[in-house]
Structure formats: structure tokens, C-alpha cells
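Remarks on the overall topology
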Amino acid sequence: MEEEFRYTNKFLWDKLMGEYTLSSKEYRICILVLLAFKPGEMVNLTGFSSSDISKTRQRLLMKLFGEQGSAGQFDRRLRGVIKWESRIFCWESGKIGLF
């Protein structure tokens, strides 16, 4: 799944991995958040505990955005930035719509 996502979302991959040093686990959780998986589904897909996924999302909020907050805040923040970045990317590439 990660390789397919990387291939089809090169812009996102370059953005996340180019600007930040994310572990494989952190990157996977970002992917699942962006694909709108619920925390319980993330547990089933990754084998990580519920508390581990929640704590990782909270740490990612600080790592990527410099903010303290909840795991849910990270989800909303990441999705909001990616939507904004996708609009910029679409505008710069001359394509219409969001990726």
C-alpha cells in the first residue's frame, strides 16, 4: 500500500519526506489519516496499539506543525494543509481540481 501511495502521490511524498524526517511508522500513519481511516481501523491495519497510534499522531502534530494538541487536531491540520498544498500544486501545474 505504501509503495502505491508513494507512486500515485509523489507530490505528497516529496513534501512530507523532503521537508521532514519521518519514520516509516509516522509516514504510514500520515497516509492512513489522509485516507480518512479511523483510529480503530489503523490499529487493525498496522498492528500498533490504539494508544501508540494516538500518541504518534500527537507527536506528529508537534513535529510537523509545532503545536501541542490532540490526535484529532493533527488529523484536521494535516488534511487542511494537504488540501491547500494540492490547490497550489494544481494551479501551478495548470490542472483543474484537487488531487
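Since the model is a prediction, treat every value here as computed from it, not as a measurement.

Quick notes on the rules
- Residues numbered from 1 in each chain as written.
- Predicted model: local features only at pLDDT ≥ 70, side-chain atom pairs only at ≥ 80, totals over all residues.
- Heavy atoms only, no water.
- Helix = DSSP H or I, 4+ residues; strand = E, 2+ residues; numbered from the N terminus.
- Buried < 20%, exposed > 50% of the residue type's maximum accessible area, 1.4 Å probe, protein only.
- Contact = heavy atoms within 4.5 Å.
- Salt bridge = Lys/Arg side-chain N within 4 Å of Asp/Glu carboxyl O.
- Phe/Tyr/Trp six-rings, centres within 6.5 Å; stacked < 30°, edge-to-face > 60°.
- Lys NZ or Arg CZ within 6 Å of the ring centre and 35° of its normal.

Our focus in this paragraph is the side chain of Arg57. Relative to the elements of secondary structure, Arg57 occurs in helix H5 (residues 50-65). Residue Arg57 is classed as buried on the basis of its relative accessible area of 5%. Among all residues touching Arg57, those that are not within four sequence positions of it are Ile29, Val33, Pro39, Met42, Ala71, Gly72, Phe74 and Asp75.

One side chain can pair with another of opposite charge once the charged atoms of both are near each other. In total, this model carries four salt bridges according to the counting rule given. In this structure, the salt-bridge partner of Glu67 is Arg77, at a minimum N-O distance of 2.9 Å. Remark: Arg77 occurs in helix H6 (residues 71-93) and Glu67 occurs in the loop between H5 and H6; sequence separation between them is 10 residues. Given the relative accessible area of 34%, Arg77 is considered partly exposed.

Summed over the entire model, instances satisfying the criterion amount to one aromatic pair. A centroid spacing of 6.4 Å and a plane angle of 50° characterise the contact between Phe65 and Phe74, whose relative ring orientation is tilted. The cationic tip of Lys25 hangs over the ring face of Phe48; the distance from NZ or CZ to the ring centre is 5.0 Å.

Any link to function would need more than the numbers given here.
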